[in-house]
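Structural overview
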Amino acid sequence: MKKVIILGSSGSIGLQTADICLQLKDKISVVGLSVRSKTEVLKKQIKTFKPKAICLEESADNFSNFKNWIKINSPKTKLFFGAVGLEKLVSSVEADTLVAAIVGAAALKPIIAAIKTKKNIALANKEIVVMAGAEIMKLAAENGVSILPVDSEHSAVFQCSRGEDKKQIKNIILTASGGPFYKYDGDFSKITADKALKHPTWKMGRKITIDSATLMNKGLEAIEASVLFGLPIDRIKIVIHPQSIIHSLVEYVDGAALAQLSNPDMRLPIQYALTYPRRMPSKFIKPLNLAALSKLEFFEPDFKKFPCLKLAYSAANAGGAQPAILNAANETAVEAFLDGRILFTDIAKIVEKTMKLFKGIKKTGIDSLIEADLAARKKAHSLIESAESNLK
Ligand SMILES: NC(=O)c1ccc[n+]([C@@H]2O[C@H](COP(=O)([O-])OP(=O)(O)OC[C@H]3O[C@@H](n4cnc5c(N)ncnc54)[C@H](OP(=O)(O)O)[C@@H]3O)[C@@H](O)[C@H]2O)c1
């Protein structure tokens, strides 16, 4: 039995991970769960999996009702709460793998705690790799744990480079659906959160859906690929592929390019990270019918129309704390956009201005990067306030 902790079990990735763990219940046992506030989802998962420990925010609605509920319905389950609770849950529960499906930088400390207690990481959360990728990879190597990618593109690259000599990789080519606005020719400043939340191929959490609409998601993924596969950022290429059938490619020095194809469903890469190095049958994945696919299209990405993509490459080229600053400013700006406080086009402007204000800060090391992240969030908040007052 493989013991698994799922952090962010009520989210898009978390729920799909739970589906897989249930399908493979004779092979996987879920020993820990966390949500931020969705107590009803958590109650159902506790009944299904009977975990040893769980964690949620103390500020969650009905927190005191929930405490009573757990005493009656699952008295052996240990309850942790808050950011510190997440670290305690991860460190104290014995497990083989941590599924990191929390959104944003909040996942950093629990992931570090998991690595230090020798758990492999099935990594969905890309923000922490952007923020502190080199430090996390170093820590994982020191503790002898594996970082197994869950993002579909990185899983594709992982699958296409298995058993190959990594020195023979020429380029990694990440595919991108292009999001809802790839062909949009209207005024980007008029794009509302409702429109931006309608992704053409993937059903995901709110933050990543907005990142997909600005193409920041692909920029974050390019940085993630550079860190996970040890290639300089200029060898991570992007191609728009609206059908999302090819999930990414690895191009080798002899001109061969290996690709991984499947119908778009995150349960495939999640399952692969959980069962690696084995493959298991899945009732969720619709088999690919190549003859029924009318066409597979590919386009160059438009860096002018999607400035966030360019900003991510600049941050990676600058190195030091710039990727952490890019990520912190983006998380802050996306939240403000979702709250209706700023325009769609303000997201890139706020990220760019924050990056400029912190240019040249060459911080490395987890503590310094956390410091840079907090300072960048503070600055982004004040830029958001000015953007807001311009809108009034
Ligand atoms: N969704 C996808 O298809 C997909 C694909 C590739 C990569 N990813 C990456 O996977 C991560 C999760 O994405 P998602 O789409 O699953 O997000 P999501 O649907 O928004 O779910 C986020 C999960 O994390 C919890 N959470 C949010 N903020 C938290 C905090 N500050 N502290 C503790 N828990 C917190 C949420 O709890 P509540 O529900 O209680 O708020 C929820 O369980 C992201 O980093 C994303 O980039 C997602």
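Just so it is clear, the model here is predicted, and its values are computed rather than measured. (Residues numbered from 1 in each chain as written. Predicted model: local features only at pLDDT ≥ 70, side-chain atom pairs only at ≥ 80, totals over all residues. Heavy atoms only, no water.)

**Re the side chain of Thr39**
Along the chain, the position of Thr39 falls in helix α2 (residues 39-49). With near-sequence residues (within four places) excluded, Thr39 lies in contact with Leu56, Asp61 and Phe66. (Helix = DSSP H or I, 4+ residues; strand = E, 2+ residues; numbered from the N terminus. Contact = heavy atoms within 4.5 Å.)

**Observations concerning the nonpolar core**
Among the nonpolar cores identified, the biggest contains 135 residues, and Leu98, Ile111, Ile115, Ile121, Leu326 and Ile342 are the most heavily contacted of them. Here this core takes 10 residues from helix α13 (residues 322-338), the largest share from any one element. Here Leu326 is in contact with Val130, Met216, Leu220, Ile223, Leu311, Ala312, Ala315, Val351 and Met355, once residues within four sequence places are set aside. (Core = buried A, V, L, I, M, F, W, Y, C linked by side-chain atoms within 4.5 Å. Buried < 20%, exposed > 50% of the residue type's maximum accessible area, 1.4 Å probe, protein only.)

**Quick word on the site of the ligand**
Around the ligand sit 23 residues in total, of which Ser10, Ser37, Glu127, Asp151 and Gly205 are the nearest. A distance of 2.9 Å separates an oxygen atom of the ligand from a polar backbone atom of Ile13. Between the ligand and Arg36, the relevant distance is 3.0 Å, taken from an oxygen atom to a main-chain nitrogen or oxygen of the residue. For the ligand, whose free accessible area comes to 910 Å², the fraction covered by protein is 90%. Among the residues forming the shell around the ligand, the class breakdown is 10 nonpolar, 8 polar and 5 charged. Taken domain by domain, the makeup of the shell around the ligand includes at least three residues from each of domain 1 (2-149) and domain 2 (151-265 + 283-314). (Near = heavy atom within 4 Å. Polar contact = N/O pair within 3.5 Å; in protein donor to acceptor, adjacent residues only side chain to side chain. Areas by Shrake-Rupley, 256 points an atom, 1.4 Å probe, with all protein chains shown as cover. Nonpolar A, V, L, I, M, F, W, Y, C, P; charged D, E, K, R; others polar. Domains from an automatic or database assignment.)

**Some details on the environment of Ile172**
Tracing the chain through its elements places Ile172 in strand β8 (residues 169-176). You can call Ile172 buried: its relative accessible area is 0%. For the pair Ile172 and Met131, spaced 41 residues apart in sequence, the C-alpha to C-alpha distance is 21 Å. When residues no more than four places from it in sequence are discounted, the contact partners of Ile172 are Val157, Phe229, Leu231, Arg235, Ile236, Lys237 and Leu249.

**What to know about the sheet that holds strand β11 (residues 257-261)**
Pairing in this open sheet of 4 strands is mixed, and the strands run β9-β8-β10-β11 from one edge to the other. Looking at which strands have only one partner, the edges of the open sheet turn out to be β9 (236-240) and β11. Recorded for the sheet is a direction-independent mean angle of 20° between the axes of neighbouring strands. Packed on one face of the sheet, helix α10 (residues 216-229) meets β8 and β9 and runs near 150° to β8. (Pairing = 2+ DSSP bridges. Axes fitted to C-alpha atoms, helices over the stretch in contact; angles between N-to-C directions.)

**Some remarks on the domain arrangement of the chain**
By the assigned domains, the chain splits into domain 1 (2-149), domain 2 (151-265 + 283-314) and domain 3 (319-392). Using only C-alpha atoms to locate each centre, domain 1 and domain 2 end up separated by 27 Å. Each side of the interface is counted separately: domain 1 has 17 residues, and domain 2 has 19 residues. Interface area, domain 1 with domain 2, both sides summed: about 1,500 Å², of which 68% is carbon and sulfur. Ranking the residues of domain 1 by area buried against domain 2 places Lys126, Val130 and Pro149 at the top, with a combined share of 42%. (Buried area = accessible area lost by both parts, 1.4 Å probe.)

**A short note on the pairing of β11**
Relative to β11, strand β10 (residues 246-252) runs antiparallel, the two being bridged by 5 bridges. Across the sheet, residue Leu249 finds its bridge partner in β11, namely Ala259. Two successive antiparallel strands, β10 and β11, enclose a turn made up of 4 residues, where Gly255 displays a positive phi of approximately 100°.

**A look at the sheet that holds strand β7 (residues 147-149)**
One open sheet holds the 7 strands; their spatial order is β4-β3-β2-β1-β5-β6-β7, and the pairing between them is parallel. Single-partner strands in this sheet number two, and they are β4 (78-81) and β7. Each strand of the sheet is rotated relative to its neighbour by a mean of 25°, with strand direction disregarded. Its contacts with the sheet put helix α3 (residues 63-73) on β3 (53-56) and β4, and the angle it makes with β3 is roughly 175°. The strands touched by helix α5 (residues 108-116) are β1 (2-7), β5 (97-100), β6 (120-123) and β7; relative to β6, the strand with the most contacts, the crossing angle is about 145°.

**Topic: the packing of aromatic side chains**
Applying the stated criterion to the full structure yields 15 aromatic pairs. Look at Tyr184 and Phe188: their rings are 5.3 Å apart centre to centre, the planes differ by 55°, and that puts the pair in the tilted class. Since its relative accessible area comes to 27%, Tyr184 is described here as partly exposed. The interplanar angle of 70° and the centroid separation of 6.0 Å between the aromatic rings of Phe303 and Tyr313 together place this pair among those described as edge-to-face. Note that Phe303 is positioned in the loop between α11 (267-275) and α12 (307-318) and Tyr313 in helix α12, a separation of 10 residues in sequence. (Phe/Tyr/Trp six-rings, centres within 6.5 Å; stacked < 30°, edge-to-face > 60°.)

**Thoughts on the packing of helix α6 (residues 127-143) against helix α15 (residues 366-391)**
Two elements in contact, α6 and α15, have axes separated by 10 Å at closest approach and are oriented at 175°. The angle between α6 and α15 falls in the class roughly antiparallel. Contact residues: Met131, Ala132 and Glu135 in α6; Ile366, Leu369, Ile370 and Asp373 in α15. Taken together, the residues that form the contact of α6 with α15 break down as 5 nonpolar, no polar and 2 charged. (Parallel < 35°, antiparallel > 145°, perpendicular 65-115°, else oblique.)

**Things to note about the packing of α6 against α10**
Contact pair α6 / α10: the axes reach a minimum separation of 9 Å and the direction vectors enclose 5°. Regarding the angle of α6 to α10, the classification is roughly parallel. Only Leu220, Ile223, Glu224, Val227 and Leu228 of α10 make contact with α6, whose side of the interface consists of Val129, Val130, Gly133, Ala134 and Met137. Along the lines of polarity and charge, the residues of the contact of α6 with α10 split into 8 nonpolar, 1 polar and 1 charged.

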